[in-house]
Amino acid sequence: MKRSHVMLVGCLSLVVGMASNCSRARVESMNKMNEGVIAAQQKRFADATKLLDSAAAIDPKNDQVFWNLAIVHMEMRKFERARDDLQKAIAVNADAAGYHEKLGTVLIELKDWTGAKQAFEKAIQLEPGIFKAYYKLAQVHEQLDDQQSALQRYTEAVQKGPRFLEAYSALGRLYADLGYLDQATQVLQEALKVALPGTEEEAQAHHLLGTVYQEQQKFDQAVSEFKAALAVVPGMRDALFSLGWTYHLLNNKEEAKRFLKKFVDVAGAEAPAHYVKAARDKLSEIQEGF
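Just so we're clear, the structure is a prediction, and the values are computed from it rather than from any experiment.

Helix and strand counts for the protein chain come out as 15 helices and zero strands. Along the first, second and third principal axes, the C-alpha set of the protein chain runs to 85 × 35 × 30 Å. For the protein chain, the residues scored as buried account for 48% of the 290 residues in total. Looking at the protein chain alone, contacts between residues at least 24 apart form 51% of all its contacts between residues at least 6 apart.

Inspection of the entire model under this criterion finds 16 salt bridges. Of the charged contacts, one joins Glu270 and Arg237 as a salt bridge, the two residues approaching to 3.8 Å between their closest N and O atoms. Linking Glu270 in the loop between helix H14 (253-266) and helix H15 (273-289) with Arg237 in helix H13 (residues 237-249), this pair joins segments that are 33 residues apart in sequence. Connected via shared salt-bridge partners are Glu142, Arg173 and Asp177.

Before going further, it helps to examine helix H7 (residues 131-143). Residues separated by three or four positions in an α-helix point in the same direction, a consequence of the helix having 3.6 residues per turn. Across its 13 residues, H7 extends 19 Å between first and last C-alpha, which sits within 8% of the 18 Å expected from 1.5 Å per residue. Where burial is concerned, most of H7 is hidden: 10 out of the 13 residues are buried. Of all the positions in H7, only Ala133, Tyr134, Tyr135, Lys136, Leu137, Ala138, Gln139, Val140, His141 and Glu142 are classed as buried. On its buried side, H7 packs onto helix H5 (97-109), helix H6 (113-126), helix H8 (147-160) and helix H9 (165-177). Immediately beyond the C-terminal end of H7, within one or two residues, lies Asp145, with a positive phi of roughly 60°.

We now examine the packing of helix H1 (residues 24-41) against helix H3 (residues 63-75). Look at H1 against H3: their axes get within 10 Å of each other, and the N-to-C directions meet at 15°. Viewed along their axes, H1 and H3 adopt a mutual orientation that is roughly parallel. When the axes of H1 and H3 are compared, the crossing they make is left-handed. Residue-level contacts link Ser29, Met30, Met33, Val37 and Ala40 of H1 to Gln64, Val65, Asn68 and Val72 of H3. Each residue belonging to the contact of H1 with H3 can be placed in one class, and the counts come to six nonpolar, three polar and no charged.

What follows is about unusual backbone geometry. With a phi angle near 60°, Asp145 is a residue other than glycine that sits in the positive phi range. Relative to the helices and strands, Asp145 is located in the loop between H7 and H8. At Gln217, a position not held by glycine, the phi torsion is positive, near 60°. Within the secondary structure layout, Gln217 lies in the loop between helix H11 (200-215) and helix H12 (219-232). For Gln217, a relative accessible area of 61% puts it in the exposed group.

Cut-offs used in this document
Residues numbered from 1 in each chain as written. Predicted model: local features only at pLDDT ≥ 70, side-chain atom pairs only at ≥ 80, totals over all residues. Heavy atoms only, no water. Helix = DSSP H or I, 4+ residues; strand = E, 2+ residues; numbered from the N terminus. Buried < 20%, exposed > 50% of the residue type's maximum accessible area, 1.4 Å probe, protein only. Contact = heavy atoms within 4.5 Å. Salt bridge = Lys/Arg side-chain N within 4 Å of Asp/Glu carboxyl O. Expected span 1.5 Å × (residues − 1). Axes fitted to C-alpha atoms, helices over the stretch in contact; angles between N-to-C directions. Parallel < 35°, antiparallel > 145°, perpendicular 65-115°, else oblique. Left-handed = near helix turned anticlockwise from the far one by under 90°. Nonpolar A, V, L, I, M, F, W, Y, C, P; charged D, E, K, R; others polar.

Right under this line is the structure:
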């Protein structure tokens, strides 16, 4: 479930106006906070944390300062600090669903699955339409080996965020993993309807659907989906391997050899070693057969 780190600077909160009845401490805290946000947007994270810490010291009841500190610490991959920041923000303002959702996100990074589950459930309670909380809660349920709850939460993520492609892909993948291939096919076909053309997410949806067709032994349809994925992302490793392997299942040795060789050529260090070995072994077997 580990995902590449996503830049979060866009989540920073810059306050451009304040009510005239704010206390002097709040005004000073907001001004210092804004300086910190600007520093963070400029990627000057050390300066940003100093400014934001100063803003928090001026007004410890300014929950937005702790939110911004959490975002900066997430950028710095200091997740324990980000957790503490968000807990302080929640202590001041427990009704902000976004604080709980972000806390859950941080707790995922810390592999605190029970804490993350509680945080996402609280976010959903406060704001039932926060679709990414359902999606992340489903990921937590998978880590807790509660697959049925994960299916439910992924489904709710799709319902609450009908254009959130990641939820479709995750739901389709989980259905396939559990052997519900017809449901997986239906979900992934819906995913392709909402995918932005030409994006990596569209390619991933085509690839996932292809793997489901392959499991159903609908090899021609699988080939079409893998080729569609490669039309979007020509060097997509998973699709190259899957297409080569499907051609092997179709006993098309020439095409199997061609695509498995392409996969080996682009595999690199990040490709799973067992896939590389399987491809090399199959290429040797094909070569010996000629």
